[in-house]
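# Examination of the molecular architecture
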Amino acid sequence: RLSNDNFRNSASLYRQLRGALLEMEKESARGALSFADYCRLVQRLVLMPVEDAVTEAEAELNALRMKPDVAGGIGVIVSGILAPSAALIRAMEDGGLTVCGNDVASLHRSFAHTPASYSAPEDYYQAFYEDHFPCPTLLHTADGRLGALLALIRERKARGVIFVGEKFCEYEYFEFPYLERELNEAGIATLTLELALGDEDAGALKTRIEAFAEILARR
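Scoring rules and cut-offs
Residues numbered from 1 in each chain as written. Predicted model: local features only at pLDDT ≥ 70, side-chain atom pairs only at ≥ 80, totals over all residues. Heavy atoms only, no water. Helix = DSSP H or I, 4+ residues; strand = E, 2+ residues; numbered from the N terminus. Rg over C-alpha atoms; globule rule 2.2 N^0.38 Å. Buried < 20%, exposed > 50% of the residue type's maximum accessible area, 1.4 Å probe, protein only. Contact = heavy atoms within 4.5 Å. Areas by Shrake-Rupley, 256 points an atom, 1.4 Å probe, with all protein chains shown as cover. Lys, Arg positive; Asp, Glu negative; His and termini not counted. Charge placed at Lys NZ, Arg CZ, Asp CG, Glu CD. Core = buried A, V, L, I, M, F, W, Y, C linked by side-chain atoms within 4.5 Å. Arc of directions from axis to C-beta. Phe/Tyr/Trp six-rings, centres within 6.5 Å; stacked < 30°, edge-to-face > 60°. 1 Å grid on protein atoms, 1.4 Å probe; cavity = no way out; pocket = protein on both sides within 12 Å on 5 of 7 lines; lining within 4 Å. Points joined across faces, edges and corners; volume = space filled by probe spheres on them. Nonpolar A, V, L, I, M, F, W, Y, C, P; charged D, E, K, R; others polar.

Moving on to the overall build of the chain. Within the chain, the regular secondary structure consists of nine helices and four strands. The C-alpha atoms of the chain give 18 Å as radius of gyration, which agrees with the globular expectation for 219 residues (17 Å, within 12%). Taken over the C-alpha atoms alone, the chain extends approximately 60 × 40 × 30 Å along its principal axes. Per-residue burial for the chain yields a buried fraction of 49% across its 219 residues. Taking the contacts inside the chain whose residues are at least 6 apart along the sequence as the reference set, 71% of them involve residues at least 24 apart. About 11200 Å² of surface is accessible on the chain, with carbon and sulfur atoms providing 52% of the total. Taking the 23 positively charged and 33 negatively charged side chains of the chain as two groups, their mean positions are separated by 4 Å.

In structure tokens form, the structure reads like this:
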């Protein structure tokens with residue numbers, strides 16, 4: 001039998017974990033943690049029992065808050081379904097870019113919203129999916145993609161957006177052309193990169209990333 005008390009306790013723990021992950025994302029944006037390390041940390045924490053993940057996430061967050069600001073690159077938002085590879089993130093950072101925020105489905109989109117109140121488990125899940133951060137994998141939210149991305153760009157003061165697409169991922173390639181056009185018309189530079197799943201070599205994309213960084217530096 002489902003216990004409402006146990007469910008509420010579990011939902012509360014996941015709310016704590018997602019909140020800590022969002023705060024760590026901001027710490028990464030200011031340079032307290034590299035974005036590559038942040039991605040690895042998130043991927044490890046979400047596979048742990050939630051009780052352990054909350055304890056570790058909050059301890060990590062407290063340690064990060066003690067570190068000084070070190071980010072000095074040009075701020076960009078990274079978007080896509082999966083987190084970029086460490087090699088690709090290093091190529092961005094070596095090119096003078098700082099990932100100041102992300103619109104990645106397996107990262108920010110996944111834990112940006114948790115229902116604050118609900119009366120029953122079914123109400124929780126209805127609210128969780130109805131008010132989910134806009135994502136093309138949840139078709140009813142797709143119309144909110146541009147507004148959510150623009151709000152994130154303004155919040156993080158980003159100067160460009162890098163779309164990282166996985167080969168043959170229809171969700172991304174249906175929306176990339178539209179988002180690129182609308183962002184470019186709003187004066188926000190975009191770069192679209194395509195990788196095969198499991199491709200760790202960013203060497204072929206390094207020149208394009210460096211050229212994009214130069215464009216942003218001149219603006």
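Let's pick the thread back up.
To continue, consider the nonpolar core. In terms of nonpolar packing, the biggest core is built from 46 residues, with Met24, Met92, Leu97, Ile162 and Ile209 touching the most fellow members. Ranked by residues supplied to this core, first place goes to helix 2 (residues 35-45) with seven residues. By size, the runner-up hydrophobic cluster in this structure holds 14 residues, among which are Leu149, Ile153, Val161 and Phe163.

On to helix 6 (residues 121-130). Along helix 6, the residues classified as buried are Pro121, Tyr124, Ala127 and Phe128. On an axial view of helix 6, the arc spanned by its buried residues comes to 130°, and they lie on one face. Buried residues along helix 6 sit in contact with helix 1 (4-29) and helix 5 (108-111).

Once that is clear, we can look at the packing of aromatic side chains. By the definition in use, this model includes 10 aromatic pairs. For the ring pair Phe7 and Tyr124, a centre distance of 5.4 Å and an interplane angle of 85° mean the geometry is edge-to-face. One end of the pair, Phe7, is in helix 1; the other, Tyr124, is in helix 6, with 117 residues separating them in the sequence. Using a relative accessible area of 5% as the deciding quantity, one classes Tyr124 as buried.

Right, let's get into the layout of surface pockets. Roughly 190 Å³ of internal volume is contained in the second largest pocket. Lining the second largest pocket are Phe7, Ser10, Ala11, Tyr14, Arg18, Ser110, Tyr124, Tyr125, Phe128 and Tyr129. Sorting the residues of the lining of the second largest pocket by element identifies helix 1 and helix 6 as the ones contributing at least two each. Among the elements that line the lining of the second largest pocket, the one with the most residues is helix 1, at five residues. Taken together, the residues of the lining of the second largest pocket sort by class into seven nonpolar, two polar and one charged.

From the geometry alone we can't say anything about function, so treat these as descriptive.
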